[in-house]
Amino acid sequence: MARRPSVARNIAALRNSVAGYRKKGVTVALVPTMGALHDGHLSLVRAARKKAKRVVVSIFVNPAQFAPTEDFSTYPRTWSADIAALAALGVDLVWAPSAAVMYPEGFSTRLEPGGPAKVGLEDRFRPHFFGGVTTVVSKLFIQVAPDIAVFGQKDYQQLMVVTRMARDLDLPLKVVGIPTVREKDGLAMSSRNVYLSPPERATAPTLYRTLKECATNLRSGQPLERALSGARATIEQAGFAIDYVEARHAQSLAPIASLDEGPVRLLVAARLGRTRLIDNIAV
Ligand code: PAF
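1. Describing the packing of helix 1 (residues 11-23) against helix 6 (residues 129-144)
Each pair of packed helices can be summarised by the angle the axes make with each other and by the distance between the axes.
No. 1: Between helix 1 and helix 6, the shortest axis-to-axis distance is 9 Å and the interhelical angle comes to 50°. Between helix 1 and helix 6, the crossing angle belongs to the class labelled oblique. Residue-level contacts link I11, L14, R15 and V18 of helix 1 to I142, Q143 and V144 of helix 6.

2. Notes on the packing of aromatic side chains
The relative placement of two aromatic rings is captured by the distance of their centres and the angle of their planes.
No. 1: Evaluation of the coordinates by the stated rule reveals seven aromatic pairs.
No. 2: The interplanar angle of 75° and the centroid separation of 5.8 Å between the aromatic rings of F66 and Y75 together place this pair among those described as edge-to-face. Y75 carries the same exposure label as F66, and that label is buried.
No. 3: Judged by centre distance (4.9 Å) and plane angle (65°), the ring pair of F129 and F130 falls under edge-to-face. Both residues of the pair, F129 and F130, belong to the buried class.
No. 4: Taken together, the ring pairs in this structure connect F60, Y103 and F107 into an aromatic cluster.
No. 5: R126 extends its terminal NZ or CZ atom over the ring of F129, reaching a point 4.2 Å from the ring centre.

3. Section: the pairing of strand 5 (residues 148-152)
No. 1: A large share of strand 5 lies buried, amounting to five of its five residues.
No. 2: Side chains I148, V150 and G152 of strand 5 all project onto a buried face; the interleaved residues A149 and F151 project onto the opposite face, where all are buried too.
No. 3: Looking at chain direction, strand 2 (residues 28-33) and strand 5 are connected through two bridges and run parallel. Looking at strand 5, one finds that A29 is bridged to I148.
No. 4: Alignment of strand 5 against strand 6 (residues 174-178), held across five bridges, turns out to be parallel. What sits directly across from F151, in strand 6, is G177.
No. 5: Since strand 5 and strand 6 lie parallel, the crossover through helix 7 (residues 156-168) that links them has a hand, and here it is right-handed.

4. Side note on the sheet that holds strand 2
No. 1: Spatially, six strands are ordered 1-4-3-2-5-6 in an open sheet, and the strand pairing comes out parallel. Every other strand in the sheet has two partners, leaving strand 1 (6-8) and strand 6 as the edge strands with one partner each. When the angles between neighbouring strand axes are averaged without regard to direction, this sheet yields 25°.
No. 2: As paired strands, strand 1 and strand 4 (residues 93-95) are joined by three bridges and run parallel to one another. Within strand 4, the position partnered with V7 by the bridge is V94.
No. 3: Most of the contacts of helix 7 go to strand 6, to which it runs at about 170°, and overall it touches strand 5 and strand 6.

5. Digging into the site of the ligand
No. 1: Surrounding the ligand, one finds P32, T33, M34, N62, Q65, V133, V136, V137, F151 and Q158.
No. 2: In the model, an oxygen atom of the ligand is placed 2.7 Å from a nitrogen or oxygen of the Q65 side chain.
No. 3: The fraction of the free accessible surface of the ligand (290 Å²) that becomes covered by protein chains is 89%.
No. 4: Within the residue set of the shell around the ligand, elements represented by two or more residues are strand 2 and helix 6.
No. 5: Among the elements that line the shell around the ligand, the one with the most residues is helix 6, at three residues.
No. 6: Looking at the shell around the ligand residue by residue, the classes come out as six nonpolar, four polar and no charged.

Rules and cut-offs
- Residues numbered from 1 in each chain as written.
- Predicted model: local features only at pLDDT ≥ 70, side-chain atom pairs only at ≥ 80, totals over all residues.
- Heavy atoms only, no water.
- Axes fitted to C-alpha atoms, helices over the stretch in contact; angles between N-to-C directions.
- Helix = DSSP H or I, 4+ residues; strand = E, 2+ residues; numbered from the N terminus.
- Parallel < 35°, antiparallel > 145°, perpendicular 65-115°, else oblique.
- Contact = heavy atoms within 4.5 Å.
- Phe/Tyr/Trp six-rings, centres within 6.5 Å; stacked < 30°, edge-to-face > 60°.
- Buried < 20%, exposed > 50% of the residue type's maximum accessible area, 1.4 Å probe, protein only.
- Lys NZ or Arg CZ within 6 Å of the ring centre and 35° of its normal.
- Pairing = 2+ DSSP bridges.
- Right-handed = clockwise from strand over helix to strand, strands pointing away.
- Near = heavy atom within 4 Å.
- Polar contact = N/O pair within 3.5 Å; in protein donor to acceptor, adjacent residues only side chain to side chain.
- Areas by Shrake-Rupley, 256 points an atom, 1.4 Å probe, with all protein chains shown as cover.
- Nonpolar A, V, L, I, M, F, W, Y, C, P; charged D, E, K, R; others polar.

See the structure below:
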């Protein structure tokens, strides 16, 4: 049977374990998660395994990145299955602080990221989100002090924001982005896919299919606005309510007028019933 990872629930226990790794002179990778682990997360853990000798996975559903109207209380929590999956991958340590450990009484500091966090994509629809993400991720980086931290490209804007934050704060680690893992029909894996009803689940792969068609149209010379309005129409006809379908510069996430300003990333966020889905691809 696979050996279960150690679980640290307070800062002293976490630091003690990481100090043990450091004493042996080995490299440490961190995979930050909110649990409810699926194959997408597990691909991040596998990548971390290849890049460092010790792998720490944090599991913390971060209240600071949810608005009061969002799904913090119902966010899927699957602790036993998560630990079993991490054990099978040989994870060394799970960092699982409570909210009181992460944000003790009197906690009063919150990061306010700019740059890729203020470009009118996720930030337009979830204005609280990147402040909450960068606050918790900077704490995770300082707590674990890893050599590398691994994030999914599925949350592409988050990856750009966290990369910028680590650079801006001179945090001595490398942020690595890993390609999105998809279901057989192309739907990007997400902990929130469990919210989809069977008919919604059947419709959901339209997002990825449409992004791919849009990228093909752009590569074959279709003007940007025409390709994007075609994609928006297809997504709406499938029954989604669109938050955005955009082509942006792949690093700064600034708006672009043509592919010549690339590298270019297509990004989408749309709601299907009560589930909000996001996806993105390179052009
Ligand atoms: O992508 C996530 O699961 C979360 O936003 C993260 C990075 C773990 C911070 O809470």
